[in-house]
Amino acid sequence: MGRVGIDLEDDKRLIENSKGTAQRINGNYDSDNILRQELTTDIISSYTRDINSDLSFNVLAGFQYNERLFQRQRIQGTSLLIPELFSPANSEQTVAIRDFSQQRLFGVYGSAELIYQNWLTFTATARNDWSSTLPTGSNSYFYPSVSVAFVFTDAFNIANNILSYGKLRASFAQVGNDTGPYQLNFNFFPVTTATGQYGLNVNFPFNGRLAYRASTQIPPTNLLPEQQTSYEFGLETQLFDGKIGLDVAYFNNQNENQILALPIPQTTGFASRLTNVGRVDQEGIEISIDATPLEIGDFTWNTVVNFSHVESTVVELAEGLDRTLIASAFNSVQVVAVPGKEFQLFAIPFARDSATGRPLIDPNTGRRIPGTAKTMGTVLPDFTAGWINNF
């Protein structure tokens, strides 16, 4: 069996400002065309056989080709010569920008499923991918999974109005991941304008000379694919002829070799370096209860309550790091990874008087004096919950 799928997003944007528009008195336009395309091709072969009346198995093998394409073409024009004619030929200054990226992934995969009397199922899967965005020598990564499901109500012939259905499940899985394209080398990018942030004053080529912008990120050495290892144990039950359902799961995830751009002092001439960063563990529980509390004639009330609690711990970072910045804002608030803790929210509070607790005021400016940066606690919630009702 073969299948081909294409996900296509074609985004065309046009902003037109007529002559006389406030702060754009001479008129301008911005034509921005963005194309995102993902092509996926699968070739799959499967085989099913009943060994005997109690035991059957299914096997599957396949090959996948995945290609992701991004294109952007943008034209900005200022100072229109003829009003209401938004064309490059009618602009005193025109800036053209083009962006392009492409990445490919080849994968082979397979699965085997063994079923005993429809109440015991054992499943094993395996996949190997080759990515164009990782270095030669480490661009191949393998990830397997194993799961088992046991329907104990069928195995022990439990059939009553209280316990309608019961299943235990357990699984182990690994997942690999690559990174974005064109990050393995030091790159130069063509520049079309020198003052694009403030105004279209100088365009390139200028006096017959081209301009290029250097990458601000140090390329990685010996970059490895990301890897997540997860374990899950769960229980599913249906009570009172299916009127109440309960699903409880415990999971443990280990995220290793995460690919991040670590900030570095800009005195080095760069802003960041791309590398594999340590390990982050996640452990938690998920509980879901669904019920049909009311059913009268054609009227039915279904309700679902969800609850989850997750603890995420930074186990280790890259060698030589005792903390690293994950995200920041202009107001000095930062999300920081610190080994042994969850992701921390760092901020600079105002300095306060130790006796009264009131903010200290700078007598020269009348403004409050900033204190020293400190953690405000974890950025993650203690729990998440939801309640859904259908009538």
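Here the structure is shown first, and the text comes after it.
Here is what the cut-offs are and how they apply
- Residues numbered from 1 in each chain as written.
- Predicted model: local features only at pLDDT ≥ 70, side-chain atom pairs only at ≥ 80, totals over all residues.
- Heavy atoms only, no water.
- Patch = residues over 30% accessible without salt bridge, like charges linked within 9 Å, V, L, I, M, F, W, Y side chains within 5 Å.
- Areas by Shrake-Rupley, 256 points an atom, 1.4 Å probe, with all protein chains shown as cover.
- Salt bridge = Lys/Arg side-chain N within 4 Å of Asp/Glu carboxyl O.
- Helix = DSSP H or I, 4+ residues; strand = E, 2+ residues; numbered from the N terminus.
- Buried < 20%, exposed > 50% of the residue type's maximum accessible area, 1.4 Å probe, protein only.
- Pairing = 2+ DSSP bridges.
- Phe/Tyr/Trp six-rings, centres within 6.5 Å; stacked < 30°, edge-to-face > 60°.
- Lys NZ or Arg CZ within 6 Å of the ring centre and 35° of its normal.
- Axes fitted to C-alpha atoms, helices over the stretch in contact; angles between N-to-C directions.
- Core = buried A, V, L, I, M, F, W, Y, C linked by side-chain atoms within 4.5 Å.
- Polar contact = N/O pair within 3.5 Å; in protein donor to acceptor, adjacent residues only side chain to side chain.
- Contact = heavy atoms within 4.5 Å.
- 1 Å grid on protein atoms, 1.4 Å probe; cavity = no way out; pocket = protein on both sides within 12 Å on 5 of 7 lines; lining within 4 Å.
- Points joined across faces, edges and corners; volume = space filled by probe spheres on them.
- Nonpolar A, V, L, I, M, F, W, Y, C, P; charged D, E, K, R; others polar.

Student: Which residues make up a nonpolar patch on the surface, and what values go with them?
Tutor: Nonpolar side chains collect at one region of the surface, where I51, L114, Y116, L120, F122, V146 and V148 lie side by side and expose about 530 Å² of accessible area between them. Within the residue set of the nonpolar patch, elements represented by two or more residues are strand 4 (91-116), strand 5 (120-131) and strand 6 (140-150). Take Y116: it is sitting in strand 4. Overall, Y116 belongs to the partly exposed group, its relative accessible area being 32%.

Student: So what about the pairing of strand 4? Which residues, and what values?
Tutor: Examined bridge by bridge, strand 3 (residues 55-80) and strand 4 share 25 bridges and lie antiparallel to one another. In the strand pairing of strand 4, R68 is matched with Q103. In textbook terms, the turn of a hairpin is the stretch between consecutive antiparallel strands, and for strand 4 and strand 5 this stretch comprises three residues, one of which, Q117, has a positive phi near 55°.

Student: Got a sec to walk through the packing of aromatic side chains? Specific residues and values, please.
Tutor: Evaluated as defined, the whole model comprises 13 aromatic pairs. The interplanar angle of 20° and the centroid separation of 6.2 Å between the aromatic rings of F299 and F391 together place this pair among those described as stacked. Highlighted residues: F299 in strand 14 (residues 299-316) and F391 in the segment after strand 19 (384-390), separated in sequence by 92 residues. Of the residues examined, F299 reaches a relative accessible area of 38% and is grouped as partly exposed. Ring-pair connections join several aromatic residues into one group, and the members of that group are Y116, W119, F150 and F156. Lying across the ring of F346, R323 places its NZ or CZ 4.4 Å from the centre. One Lys or Arg, R368, reaches over the ring of F350 and ends 4.1 Å from the middle of that ring.

Student: With reference to specific residues and values, describe the sheet that holds strand 18 (residues 374-378).
Tutor: Adjacent strands of a sheet form backbone hydrogen bonds with each other and so pair up, either parallel or antiparallel. Pairing in this open sheet of four strands is antiparallel, and the strands run 15-16-17-18 from one edge to the other. In the strand order of this sheet, the two ends are held by strand 15 (324-328) and strand 18, each with one partner. Between one strand axis and the next, the sheet turns by 35° as a mean value, whatever way the strands run. Looking at chain direction, strand 16 (residues 334-337) and strand 17 (residues 344-347) are connected through three bridges and run antiparallel. Paired with Q334 across the bridge in strand 17 is F346.

Student: How would you summarise the nonpolar core if you had to cite specific residues and measurements?
Tutor: L105, L134, Y141, Y143, L223, I259 and L274 together form the largest nonpolar core, which totals seven residues. L262, V277, L317 and A337 belong to the second largest nonpolar core, which has six residues in total.

Student: Let's hear about the side chain of D30: which residues, and what values?
Tutor: Considering the arrangement of structural elements, one finds D30 in strand 2 (residues 28-50). On the basis of relative accessible area, D30 is assigned to the buried category, the value being 14%. Within polar-contact distance, the side chain of D30 engages the side chain of R74 at 2.7 Å. Not counting the four nearest positions on each side in its chain, D30 is found in contact with R13, L14, I15, R74, I75 and Q76.

Student: Outline the pairing of strand 14, supporting the account with residue identities and numerical values.
Tutor: Two elements, strand 13 (residues 272-296) and strand 14, share 16 bridges in a ladder whose sense is antiparallel. Its bridge partner lying in strand 14, G284 is registered against V310. In this antiparallel pair of consecutive strands, strand 13 and strand 14, the connection spans two residues, and G297 shows a positive phi of 60°.

Student: So what's going on with the pattern of salt bridges? Which residues, and what values?
Tutor: Under the defined criterion, the tally for this structure stands at 14 salt bridges. The partner of D42 in a salt bridge is R3, and the shortest N-O contact between them spans 3.6 Å. Taken together, the positions of D42 in strand 2 and R3 in strand 1 (residues 2-17) put the pair 39 residues apart, joining distant regions of the chain. According to the relative accessible area criterion, R3 is partly exposed, its value standing at 46%. Put simply, K167 and E236 hold a salt bridge, and the shortest N to O gap is 3.6 Å. Placement of the pair is K167 in strand 7 (residues 163-177) and E236 in strand 11 (residues 226-239), with a sequence separation of 69 residues. Exposure remark for E236: the relative accessible area of 21% places this residue in the partly exposed category. Within the structure, one salt-bridge network assembled from shared partners comprises K167, R169, E232, E236 and D247.

Student: Go over the layout of surface pockets, please, and point to the residues and values.
Tutor: What the largest pocket holds in volume is close to 760 Å³. Contributing to the lining of the largest pocket are 24 residues, with R98, D99, F189, P190 and R213 lying nearest its centre. Among the elements that make up the lining of the largest pocket, the one with the highest residue count is strand 4 (six residues). A breakdown of the residues in the lining of the largest pocket according to their chemical character gives eleven nonpolar, ten polar and three charged.

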